[in-house]
Amino acid sequence: MRILGLSAYYHDSAAALVRDGEVIAAAQEERFTRKKHDSRFPHQAVRSCLESSGTRPSDIDIVAFYDKPFLKFERLLETYMAFAPRGFASFRQALPLWIKEKLFQRRLLVNELAQLDDEVDWERRLLFSEHHLSHAASAFFPSPFERAAVLTMDGVGEWTTTSLALGKGRDLKVIREIHFPHSLGLLYSAFTYYTGFKVNSGEYKVMGLAPYGDPRYANVIRERLIDVKEDGSFRLNLEYFEYCTGLTMTNGRFDQLFGGPPRKPESKLTQKEMDLAASVQAVCMTQSPSSLIRPVSSATGMNSTGEIMPRSG
């Protein structure tokens, strides 16, 4: 069994080839194109995986894509409806791209794969995995463990921002989730934006700044921005964030809380940015969910309380 895994159209496109459960090749597209965070279909990464392993396109049994676009579009629509009429400018900007491209991602992927070999029935071989299940699988299946609990945290997948999965042998099942808009990744990205760096790109710079600062804002973050529950779940205070409805990560209340507007990109770094970086780093390291155990009754839509939800389906 040969499986080609693909990530594309968001950031850092890549490909990996798995043969009978073993990763035999993997590559990131930016290594070939020299375009940092290249998000285009990873043609050169795919070809590298095939050539280095002696695999023909027709040998591939399954092509797995890393998330489900329709579920992501569902989140987009439900979010805008939940916050309407706020956020119309963001909705107006996002919708044309979805209608033009993202809603027809299956067709787009099949057309790109046809460039490898147009005789292969790629439509039949193409499957979509949920975002956080993809994260969990990438950690568990290559690991040496027969059984493991797998915790995933990022910005947001389709709906999920944090998940707990249980792996046993060849089985991997997500059993608990925290849903958008409550996200440690988006909290961190808010500080990436506020300190003048590009979201989904400059987070490593915030991490690099942290050792040069003091976490003097950490208590403010804990008291005003994030509420961590006894079971490890959390919710963000959305009054300080703009990412649900606007074109920026933070808003005027966030500016007031931290004493001024966001740093302008490429402007001089000050001790304030270093202290902010140290503060959000400290909060995320000490407040990460550690015991995702409490079930709740609902597992659909946005979860305004920030409670952990049992996996549906």
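Residues numbered from 1 in each chain as written. Predicted model: local features only at pLDDT ≥ 70, side-chain atom pairs only at ≥ 80, totals over all residues. Heavy atoms only, no water.

Looking at the pattern of salt bridges
1) Next: Taken as a whole and assessed by the stated rule, the structure comprises 8 salt bridges.
2) Next: A salt bridge links Asp67 to Lys72; the nearest nitrogen and oxygen atoms lie 2.7 Å apart. Side by side, Asp67 and Lys72 carry an identical accessibility label, which is buried.
3) Next: With a closest N to O distance of 3.8 Å, Asp121 and Arg124 form a salt bridge.
4) Next: Taking the relative accessible area as the measure of exposure, Asp121 reaches 40% and is therefore partly exposed. (Salt bridge = Lys/Arg side-chain N within 4 Å of Asp/Glu carboxyl O. Buried < 20%, exposed > 50% of the residue type's maximum accessible area, 1.4 Å probe, protein only.)

Here we look at the environment of Leu17
1) Next: In this fold, Leu17 is placed in strand S2 (residues 14-19).
2) Next: Take Leu17: its relative accessible area is 0%, and that puts it in the buried class.
3) Next: As for Leu17 and Val63, which are separated by 46 residues in sequence, their C-alpha atoms are 9.3 Å apart.
4) Next: Leu17 has contacts with Ile3, Leu4, Glu22, Val23, Ile24, Ala25, Cys49, Leu50, Ser53 and Thr55, leaving out every residue within four places of it along the chain. (Helix = DSSP H or I, 4+ residues; strand = E, 2+ residues; numbered from the N terminus. Contact = heavy atoms within 4.5 Å.)

A word on the nonpolar core
1) Next: Ranked by size, the top nonpolar core spans 36 residues in total, and within it Leu187, Phe191, Leu225, Phe241 and Phe258 carry the most contacts.
2) Next: For this core, the elements supplying multiple residues, two or more each, are helix H8 (184-194), helix H9 (203-209), helix H10 (218-225), strand S10 (234-236), helix H11 (252-257) and helix H12 (271-286).
3) Next: A per-element tally of this core places H8 first, with 7 residues.
4) Next: Not counting the four nearest positions on each side in its chain, Phe241 is found in contact with Leu187, Ala190, Leu225, Leu236, Met249, Thr250, Asn251 and Phe254.
5) Next: Judged by nonpolar contacts, the second largest core, of 24 residues, contains Ala8, Ala25, Ala45 and Val46. (Core = buried A, V, L, I, M, F, W, Y, C linked by side-chain atoms within 4.5 Å.)

Examining the sheet that holds strand S3 (residues 22-28)
1) Next: If you walk across this open sheet you meet the 5 strands as S3-S2-S1-S4-S5, and the pairing is mixed. Two strands in the sheet have a free side with no partner beyond their single neighbour: S3 and strand S5 (126-128). Here the average twist between neighbouring strands, direction ignored, is 20°.
2) Next: Across 3 bridges, strand S4 (residues 62-65) lies against S5 in parallel orientation. The residue bridging Ala64 from the neighbouring strand is Leu127, located in S5.
3) Next: Together, strand S1 (2-7), S4 and S5 form the strand contacts of helix H5 (residues 105-113), whose direction differs from that of S5 by roughly 140°. (Pairing = 2+ DSSP bridges. Axes fitted to C-alpha atoms, helices over the stretch in contact; angles between N-to-C directions.)

Details of the confidence of the model for the chain
1) Next: When pLDDT is averaged along the chain, the result is 88; 88% of the residues meet or exceed 70.
2) Next: Contacts for the low-pLDDT stretch residues 290-308, under 50 throughout, to residues beyond four places or in other chains number 59 contacts. (pLDDT = per-residue confidence, 0-100.)

Details of the packing of aromatic side chains
How two aromatic rings sit relative to each other is set out by the distance from centre to centre and by the angle between their planes.
1) Next: Applying the stated rule across the entire model yields 13 aromatic pairs.
2) Next: Ring centres 5.4 Å apart and planes at 55° place the aromatic pair Phe140 and Phe141 in the tilted group.
3) Next: The exposure class of Phe140 is buried, given its relative accessible area of 2%.
4) Next: With centroids separated by 5.6 Å and ring planes inclined at 70°, the aromatic side chains of Tyr217 and Phe258 adopt a geometry described as edge-to-face. Note that Tyr217 is positioned in the loop between H9 and H10 and Phe258 in the loop between H11 and H12, a separation of 41 residues in sequence.
5) Next: Taken together, the ring pairs in this structure connect Phe180, Phe191, Tyr194, Tyr217, Phe241, Tyr243, Phe254 and Phe258 into an aromatic cluster.
6) Next: Over the ring of Phe180 we find Arg75; its NZ or CZ atom is 4.9 Å from the centre of that ring. (Phe/Tyr/Trp six-rings, centres within 6.5 Å; stacked < 30°, edge-to-face > 60°. Lys NZ or Arg CZ within 6 Å of the ring centre and 35° of its normal.)

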